[in-house]
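Below are the chains, spelled out letter by letter.
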Amino acid sequence: MAEKKDAKEVNKSEEIRKVAGAMKERGEKPRPVTIVALLKKQGIAVSSPQVSMVLKRMGFKPRKRRKAGAAAAAPKAARPRAAAGQLSIDDLLAAKKVVEQFGGSDRAIAAIEDADVAIQLDPSLSMAYINRGAAWNNKGFFDKAVDDLDEAIRLNPREPQAFSNRGAAATELKQFEQALNDLNEALRLDPKLGDAYVNRSRYWLFQSDCDKALADATAALQLDPADYRALANRSRAQLGLKQYAAAIEDATAAIRLGGRTSDLYDTRGAAYLASDDTDRALADFHTALQLNPRDVYACTSRGAAWFRAGDYQKAIADHTRALQLEPTAASFNSRGSAYARLGLFDKALADFNAALKIDSKDLTPLWNRVSVRLEQRRYDKALKDLTL
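We now turn to the structure provided with this report. Predicted, not measured: the structure shown is a model, and the values here were computed from it. What you see as residue numbers is a count from 1 along each chain, following the sequence as written. Where totals are concerned, whole chains, interfaces and linings use all residues; where local detail is concerned, this predicted model gives features only for residues with pLDDT of at least 70, and gives and counts side-chain atom pairs only at 80 or more. Just so you know, side-chain values use all the structure's heavy atoms and leave hydrogens and water out.

### Quick notes on helix H14 (residues 244-256)
Next up, step 1: Under the DSSP-based scheme used, a helix requires at least four consecutive residues in state H or I and a strand at least two consecutive residues in state E, with every element numbered from the N terminus. Expected helix span is computed as 1.5 Å times (number of residues minus one). The end-to-end C-alpha distance of H14, which contains 13 residues, comes to 18 Å, matching closely the 18 Å that a straight helix rising 1.5 Å per residue would cover.
Next up, step 2: Working definition: with a 1.4 Å probe on protein chains only, accessible area under 20% of the residue-type maximum means buried, over 50% means exposed, and in between means partly exposed. Along H14, the residues that are buried comprise Ala247, Ile248, Asp250, Ala251, Ala253, Ala254 and Ile255.
Next up, step 3: Working rule for contacts: check all heavy atoms of both residues, and any pair within 4.5 Å makes them a contact. On its buried face, H14 is in contact with helix H13 (228-240) and helix H15 (262-274).
Next up, step 4: Backbone geometry just after H14 places Gly258 at a positive phi near 120°.

Here you go:
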């Protein structure tokens, strides 16, 4: 009987990669069941779903399931299955598939429900907690995600995916020190974990460090050129670095690969607008609002595009919509500028005043108010503003 290796010394993902690579060199097709058996002989315990996740990251395609009605193999020892219409436990344990989906609300709910079943069947199943944490992340319940991922890490402190997912949740909760520690630990455990690079690039975007965000997103793309999340993050970093053509290229590629989110259209629209391509910018902001009618950034940005195009009424409509969703100094100032262009000076002044009430240190609405008072020949008030 093989001597069992110390779990603290084993990076299971790396061991799986080693065996799979050796099988590939021998011309053999890496199969989860075969790898599980080979590693068992080495004293390393892994599960088939865990092996499947690593093989997917390496680029191996899973074997196709038999269609209904095809000759079936003899049944294996009974393993609890999900009810018809739900995910199976095998699907449940493929956590990465859930993590990679944006806006997969129905699937996230199903994953959470099936994770509950899996945990009841085996409370020591760390991958079930990882999967449920990923599903909570996908639904936006980041506190619940952290709770599940805490438990996953307690059960298996050598699983890099758990640290990566917890780092992603901590980023969204703005627990930045914890987030960076987790993401760094994930990459220490598995330097080839693309998810961790994707999540850390998003962390750097939160920190407005576009250079580091760009570097991590690029590292993720070197591991998986078709990862649209990495393309999306790199596009946002490029926008921040004023690399507009590159931002448009990456955003377009991300959309083509399946990342059809309002955020991506916002990013590409902003890059188009900065490149003076107003028509394409308007089209992207329109699509973003179709995907997410409560997208304040798209409302404000489309209003700016209409203003640049000289359609001040439409600019006012979009800024009004943005203000109904979230009153900001920027939106009041932009709407006031549109009113001023139409000669509606009283409305313009009201908006500039509202902007200054929100942010008294913003000089833009103050200068705009001076301009309007000069147009009205109210020189005394204009002079008073200039001496503030």
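That covers the picture; the talk isn't over yet.
### Quick word on the environment of Gly194
Next up, step 1: In this fold, Gly194 is placed in helix H11 (residues 194-206).
Next up, step 2: Counting along the chain gives 30 residues from Gly194 to Ser164, while the straight-line C-alpha distance between them is 9.6 Å.
Next up, step 3: Contact partners of Gly194, with chain neighbours within four places excluded, come to Ala220 and Leu223.

### So, the pattern of salt bridges
Next up, step 1: Any carboxyl oxygen of Asp or Glu within 4 Å of a side-chain nitrogen of Lys or Arg constitutes a salt bridge here. Per the stated rule, a full pass over the model turns up 22 salt bridges.
Next up, step 2: Taking the shortest distance from any N to any O, the salt bridge between Arg17 and Glu14 comes out at 2.9 Å. Separated by three residues within a single helix, Arg17 and Glu14 lie in helix H1 (residues 12-25), roughly one turn from each other.
Next up, step 3: Residue Glu14 is classed as partly exposed on the basis of its relative accessible area of 28%.
Next up, step 4: Linking Arg280 and Asp277 is a salt bridge whose minimum nitrogen-to-oxygen distance equals 2.8 Å.

### Some points on unusual backbone geometry
Next up, step 1: Located in the positive-phi region is Ser208, a residue other than glycine, with phi close to 60°.
Next up, step 2: Looking at where Ser208 falls in the secondary structure, it is placed in the loop between H11 and helix H12 (210-223).
Next up, step 3: Residue Lys242 is not a glycine yet carries a positive backbone phi of 65°.
Next up, step 4: Its place among the elements puts Lys242 in the loop between H13 and H14.

### Considering the packing of helix H19 (residues 329-341) against helix H20 (residues 345-358)
Next up, step 1: Every axis in this analysis is a line fitted to C-alpha atoms, fitted for helices over the stretch in contact. Angles between the N-to-C directions lie between 0 and 180 degrees. Axis separation between H19 and H20 bottoms out at 8 Å; the angle between their running directions is 165°. When the interaxial angle is binned, H19 and H20 end up roughly antiparallel. Along this stretch, H19 crosses H20, giving a crossing that reads as left-handed. Here Ala329, Phe332, Asn333, Arg335, Gly336, Ser337, Tyr339 and Ala340 of H19 lie close against H20, whose contacting residues are Phe345, Lys347, Ala348, Asp351, Phe352, Ala354, Ala355 and Ile358.
Next up, step 2: Of the residues belonging to the contact of H19 with H20, the class tally is 10 nonpolar, three polar and three charged. Any angle between 65 and 115 degrees counts as roughly perpendicular, while under 35 counts as roughly parallel, over 145 as roughly antiparallel, and the rest as oblique. Crossings are classed by handedness, with left-handed meaning an anticlockwise turn of the near helix from the far one by less than a right angle and right-handed meaning a clockwise turn. Nonpolar residues are Ala, Val, Leu, Ile, Met, Phe, Trp, Tyr, Cys and Pro. Charged residues are Asp, Glu, Lys and Arg, and all others, Gly as well, are polar.

### Here we look at the packing of aromatic side chains
Next up, step 1: When the centres of two rings from Phe, Tyr and Trp lie within 6.5 Å, Trp using its six-membered ring, the rings pair. Their planes under 30 degrees apart give stacked, over 60 give edge-to-face, and anything left gives tilted. Per the stated rule, a full pass over the model turns up five aromatic pairs.
Next up, step 2: Ring plane angle 70° and centroid distance 6.0 Å describe the contact between Phe176 and Tyr203, whose orientation is recorded as edge-to-face. Within this pair, whereas Phe176 is found in helix H10 (residues 176-189), its partner Tyr203 is found in helix H11, the two being separated by 27 residues in sequence.
Next up, step 3: Using a relative accessible area of 23% as the deciding quantity, one classes Phe176 as partly exposed.
Next up, step 4: With a relative accessible area of 6%, Tyr203 lands in the buried category.
Next up, step 5: The rule for a charge over a ring is simple: NZ of Lys or CZ of Arg within 6 Å of the ring centre, and within 35 degrees of the ring normal. Across the ring face of Phe141, the terminal group of Lys144 is positioned such that the distance to the ring centre comes to 5.4 Å.

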